[in-house]
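# Notes for the structure review
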Amino acid sequence: MTTYEDLLIEADGHNLITREKPLRANKGRIMGNRIAIKNDLTEKEKKCIMAEELGHYYTGIGDILNQSY
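A brief report on the enclosed structure follows. (Residues numbered from 1 in each chain as written. Predicted model: local features only at pLDDT ≥ 70, side-chain atom pairs only at ≥ 80, totals over all residues. Heavy atoms only, no water.)

## Quick look at the pattern of salt bridges
As a reminder of what qualifies: The salt bridge definition used is simple: a Lys or Arg side-chain nitrogen within 4 Å of an Asp or Glu carboxyl oxygen. Here a helix means four or more residues in a row that DSSP labels H or I, a strand means two or more in a row labelled E, and each is numbered from the N terminus. Here's how the labels work: a residue is buried when its accessible area is under 20% of the maximum for its type, exposed when over 50%, partly exposed in between, all with a 1.4 Å probe on protein chains only.
Applying the stated rule across the entire model yields one salt bridge. Among the salt bridges present, the one from K46 reaches E20, with a minimum N-O distance of 2.8 Å. Here K46, found in helix α2 (residues 43-59), pairs with E20, found in strand β1 (residues 17-21); they are 26 residues apart in sequence, far enough to count as distant. On the basis of relative accessible area, K46 is assigned to the buried category, the value being 6%.

## Here we look at the sheet that holds strand β2 (residues 28-31)
We apply this condition: At least two bridges found by DSSP between two strands is the condition for calling them paired. Whenever a helix is involved, its axis is fitted only over the stretch in contact; in every case the axis is a line through C-alpha atoms, and angles between N-to-C directions fall within 0 to 180 degrees.
An order of β1-β3-β2 is seen for the three strands of this open sheet, with the pairing classed as mixed. Strands at the two margins of the open sheet, each flanked by one partner only, are β1 and β2. Averaged over neighbouring strand pairs, the angle between their axes works out to 15 degrees when direction is ignored. Examined bridge by bridge, β1 and strand β3 (residues 34-38) share five bridges and lie parallel to one another.

## Remarks on the side chain of T18
Stated precisely, the cut-off is as follows: By definition, residues are in contact when any of their heavy atoms lie within 4.5 Å.
The topology assignment puts T18 in strand β1. With sequence-adjacent residues up to four places away left out, T18 is seen in contact with L8, A11, I35, I37 and M50.

## Topic: the side chain of E53
Just so we agree on the cut-off: Positive: Lys, Arg. Negative: Asp, Glu. His and the chain ends are not part of the count. Any pair of nitrogen or oxygen atoms within 3.5 Å is treated as a polar contact; in protein, a donor-acceptor pairing is required on top of that, and neighbouring residues in sequence qualify only through side-chain atoms on both sides.
Looking at where E53 falls in the secondary structure, it is placed in helix α2. R29 provides the closest opposite charge to the buried, unpaired E53, separated from it by 6.7 Å. Side-chain polar atoms of E53 contact the backbone nitrogen of I30, separated by 3.4 Å. Not counting residues up to four positions away in its chain, the partners in contact with E53 are G28, R29, I30, I35 and I37.

## Considering α2
Operational definition: In this analysis, the expected span of each helix is defined as 1.5 Å times one less than the number of residues it contains. When we speak of the arc, we mean the arc of directions from the helix axis to the C-beta atoms.
Its 17 residues place the ends of α2 24 Å apart at the C-alpha level, agreeing with the 24 Å of an ideal helix rising 1.5 Å per residue. Regarding α2, the residues found buried are K46, I49, M50, E53 and L54. All buried residues of α2 lie within an arc of 140 degrees about the axis, which places them on one face of the element. Exposed residues pointing more than 90 degrees away from the buried face of α2 are listed as K44 and T59. As for α2, its buried residues are in contact with α1 (4-13), β1, β2 and β3.

Below you can see the structure in the form of structure tokens.
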């Protein structure tokens, strides 16, 4: 089973910088090569959010918030 630590190692292998921070509006964010994970989540939640952010990294193109196209 993949752990949160395994996902951090995977992100590091892609030169992504991951930090746990006191985020207000989101549980996780990715911008460029930086991933922010909300610091007061459980390990299980961090693992889920980290997997989601890596998914955005692998599949995302541009600003996913821009729905004008």
